[in-house]
Amino acid sequence: MRIIHTADWQIGKPFKQFGAREAVLQDARLVAIETIGALARREGAAHVLVAGDVYDSEAPALRTLLAPLERMRQFPEVHWHLMPGNHDPHRPKGVWDRVRESGVPDNVHLHLAPEPAALGSDAVLLPSPLTRKSEASDLTEWMDRAATPEGLARIGLAHGSVTGFGSEGEASNPIDPRRLSRAGLSYLALGDWHRTLQIGPSIWYAGTPEPDRAGSQEIGQVLVIDIRGPAAPPLITPHRVGRYRWLTMAEHLDGEDAVEDLEQRLRGLPELSATVVRLVLSGALSLTARADLDRRLTTLAAAAFALDVDLSALAARPTLADLEAIDFGGVLRDAADRLRQMAEDPALSAAERRRAEEALVQLFTMVAGQPAQAAALRRLREIA
């Protein structure tokens, strides 16, 4: 049989840092559900397993509550299996009781208790839903004792952090990586870590279908799983379903050519207008090159969906030509020299040196970077 493994939809997740574009990213998470449904239809996958965190919070607005259900309703031949995670744990009178009261489509199945559920005639699902945000014990332990019919594949569904493999997720409840063998599982479908990650031959995190943070998953994916019997290892195939790409780049700049090269590489990215770029810059630039960088970043910010630049490790190193460009009547040059000395003074804190560098760049941009203003200052000096 063929199934789809996904997780961490977090419908309703806020993206306040994007201002007016917040709604675009929120809507993309709903579009991803439709993309998953179309993929299931195309691949002949009768079941979609969602390993927790369907919703971002325990108290979504009514429209947010209903929106994913209506997207799943559009694919009546696909069975959607939903399980609570740490963002949306199953509590009395909580989000999942509201979902049930709203009228769940016939093809949507809520797994709110740790009990076996049939996946057609070939497999049994063993879910481990969360009832709290944090669990000290391993909720998958019950799978070891779960009785299922002979000859059927046993598929585990859980949300948490596999012990011994770091802590990339948010849920603190531990999952024993030996659960696969101890419970006789054909596949263990996990959620919580927001990146597609293989823990073992038949243990995977699906990752999120729409990325939501820098430094995590770059593109949204789901896993198409071919279950080939109770004993045979499954065949796992990742598929992209996300619209937006979250890219982190660390770049070292050491001259004007490096600045131009950076711009060209950024403009060469596929689907730049749908890319959230986190750019971490280091190195040292002259004031001329730094002013050029700022101009280029301004245009790139308009080309990308979003551009977040970290300049904290990029130093400004004024050349003699830079300082001469500020030399109008001496006053501005004196200020530039003072700022340069502060930027290089080891007795000052890193934050104070950084502020001095930024002020020096701004001074250079204001004077030398504005031809009309520079010409006016030259005329004033000549008149004086």
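Residues numbered from 1 in each chain as written. Predicted model: local features only at pLDDT ≥ 70, side-chain atom pairs only at ≥ 80, totals over all residues. Heavy atoms only, no water.

Quick look at the confidence of the model for the protein
Considering every residue of the protein, the mean pLDDT works out to 89; 89% of them sit at 70 or more. Segment residues 372–384 is flagged for pLDDT under 50; beyond a separation of four residues in sequence, or across chains, it makes 10 contacts in the model. (pLDDT = per-residue confidence, 0-100. Contact = heavy atoms within 4.5 Å.)

Observations regarding the sheet that holds strand 4 (residues 108–110)
Taken in spatial order, the 6 strands line up as 4-3-2-1-13-14 in an open sheet, and their pairing is mixed. Edge positions in the sheet fall to strand 4 and strand 14 (235–240), since each has one partner strand and no second. Neighbour-to-neighbour, the strand axes of this sheet turn through a mean angle of 25°, independent of strand direction. Of the strand pairs in this sheet, strand 2 (residues 47–50) and strand 3 (residues 79–82) are connected by 4 bridges, and their pairing is parallel. The partner of Val48 across the bridge, within strand 3, is Trp80. Sheet strands touched by helix 1 (residues 22–43): strand 1 (2–6), strand 2, strand 3, strand 13 (221–226) and strand 14. Its angle to strand 1, the strand with the most contacts, is close to 160°. (Pairing = 2+ DSSP bridges. Helix = DSSP H or I, 4+ residues; strand = E, 2+ residues; numbered from the N terminus. Axes fitted to C-alpha atoms, helices over the stretch in contact; angles between N-to-C directions.)

Concerning the packing of helix 5 (residues 256–267) against helix 6 (residues 287–303)
Across the interface, helix 5 lies against helix 6 with an axial gap of 9 Å and an inter-helix angle of 5°. In terms of their interaxial angle, helix 5 and helix 6 are classed as roughly parallel. Contacts between helix 5 and helix 6 involve Glu256, Val259, Glu260, Leu262, Glu263, Leu266 and Arg267 on the former and, on the latter, Thr288, Ala289, Asp292, Leu293, Arg296, Thr299, Leu300 and Ala303. Its residues assigned to classes, the contact of helix 5 with helix 6 comprises 7 nonpolar, 2 polar and 6 charged. (Parallel < 35°, antiparallel > 145°, perpendicular 65-115°, else oblique. Nonpolar A, V, L, I, M, F, W, Y, C, P; charged D, E, K, R; others polar.)

Considering helix 3 (residues 95–102)
Where helix 3 is concerned, the buried positions are Val95, Trp96, Asp97 and Val99. Those residues of helix 3 that are buried are in contact with helix 2 (62–73), strand 3 and strand 4. Directly after helix 3, the chain includes Gly103, whose backbone phi takes a positive value near 95°. (Buried < 20%, exposed > 50% of the residue type's maximum accessible area, 1.4 Å probe, protein only.)

A short note on the pairing of strand 15 (residues 245–253)
Consecutive residues of a regular strand have side chains that alternate between opposite faces of the sheet. Inspection of the sheet shows strand 15 paired to strand 16 (residues 275–285) by 9 bridges, in the parallel sense. In the sheet register, Trp246 faces strand 16, and the bridge partner there is Val276.

Describing the sheet that holds strand 5 (residues 117–119)
Either a parallel or an antiparallel arrangement is found when strands of a sheet pair, and the pairing is made through backbone hydrogen bonds. Spatially, 5-6-7-10-12-11 is the arrangement adopted by the 6 strands of the open sheet, whose pairing is mixed. Single-partner strands in this sheet number two, and they are strand 5 and strand 11 (197–200). Here the strands of the sheet are splayed against their neighbours by 25° on average, with no regard to which way each runs. Strand direction decides the pairing type here: strand 6 (residues 123–127) and strand 7 (residues 153–159), joined by 5 bridges, are parallel.

Focus on the environment of Arg317
Residue placement: Arg317 occurs in the loop between strand 17 (306–316) and helix 7 (320–325). With 27 residues separating them along the chain, Arg317 and Glu344 place their C-alpha atoms 9.3 Å apart.

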